[in-house]
Amino acid sequence: MKPKTCLVTGGCGFIGSHMVKLLAQNNYEVVVLDNNSRSHKRNFPGTELYVGNVGDKSLLSEIFQRHKIDYVFHFAAYAYVSESVEK
């Protein structure tokens, strides 16, 4: 049986990157979408990274055409962990 495919938006950020690792460890195929504006470009073995914004309809269309996405985990946000603790 083919593993389920997950799209993780904000997958290079703090929380999203942990979800990507967890999904990969549990044999899901993972596709990451991140604009890298507040995260670090990461290399996750076995995943495909798209650099762009969640509001880019043509990019989302391309991702959904190229991959059979079963689940979407949405972690894309303009936030810093340290900022949320300070304020």
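An account of the accompanying structure is given in this report. (Residues numbered from 1 in each chain as written. Predicted model: local features only at pLDDT ≥ 70, side-chain atom pairs only at ≥ 80, totals over all residues. Heavy atoms only, no water.)

1. A word on the sheet that holds strand 1 (residues 5-9)
Link 1 in the chain: Across the sheet, 4 strands lie side by side as 3-2-1-4; this open sheet has parallel pairing. The sheet is open, and its two borders are formed by strand 3 (47-51) and strand 4 (71-74), each paired with just one other strand. For this sheet, the mean angle separating the axes of adjacent strands, direction not counted, is 20°.
Link 2 in the chain: Of the pairings in the sheet, the one linking strand 1 to strand 2 (residues 29-34) comprises 5 bridges and is parallel in character. Bridge pairing in strand 2 places Leu 7 opposite Val 31.
Link 3 in the chain: With respect to the sheet, helix 2 (residues 57-66) is in contact with strand 1, strand 2, strand 3 and strand 4, its orientation differing from that of strand 3 by roughly 165°. (Pairing = 2+ DSSP bridges. Helix = DSSP H or I, 4+ residues; strand = E, 2+ residues; numbered from the N terminus. Axes fitted to C-alpha atoms, helices over the stretch in contact; angles between N-to-C directions. Contact = heavy atoms within 4.5 Å.)

2. What to know about the side chain of Ser 17
Link 1 in the chain: As for its placement among the helices and strands, Ser 17 is situated in helix 1 (residues 14-25).
Link 2 in the chain: Among all residues touching Ser 17, those that are not within four sequence positions of it are Gly 10, Gly 11, Cys 12, Arg 42 and Phe 44.

3. Some thoughts on the packing of aromatic side chains
Link 1 in the chain: One pass over the full model with this rule turns up 1 aromatic pair.
Link 2 in the chain: Note on Tyr 28 and Tyr 71: the rings are 6.4 Å apart at their centroids and 80° apart in plane angle, and the pair reads as edge-to-face. Placement of the pair is Tyr 28 in the loop between helix 1 and strand 2 and Tyr 71 in strand 4, with a sequence separation of 43 residues.
Link 3 in the chain: We classify Tyr 28 as partly exposed; its relative accessible area is 32%. (Phe/Tyr/Trp six-rings, centres within 6.5 Å; stacked < 30°, edge-to-face > 60°. Buried < 20%, exposed > 50% of the residue type's maximum accessible area, 1.4 Å probe, protein only.)

4. Brief notes about the environment of Phe 14
Link 1 in the chain: In this structure, Phe 14 sits in helix 1.
Link 2 in the chain: Judged by its relative accessible area of 54%, Phe 14 is exposed.

5. What to know about the pattern of salt bridges
Link 1 in the chain: Counted by the stated rule, this structure contains 4 salt bridges.
Link 2 in the chain: As a salt-bridge pair, Arg 66 and Glu 48 come within 3.5 Å of each other at their nearest N and O atoms. Taken as a pair, Arg 66 in helix 2 and Glu 48 in strand 3 lie far apart in primary sequence, 18 residues in all.
Link 3 in the chain: When the shortest N-O distance is used, the salt bridge between Arg 66 and Glu 62 registers 3.7 Å. Here Arg 66 and its partner Glu 62 are both found in helix 2, 4 residues apart, which amounts to about one turn of the helix.
Link 4 in the chain: Judged by relative accessible area, which is 34%, Glu 62 ranks as partly exposed.
Link 5 in the chain: A cluster of three or more residues bridged by salt bridges with shared partners is formed by Glu 48, Glu 62 and Arg 66. (Salt bridge = Lys/Arg side-chain N within 4 Å of Asp/Glu carboxyl O.)

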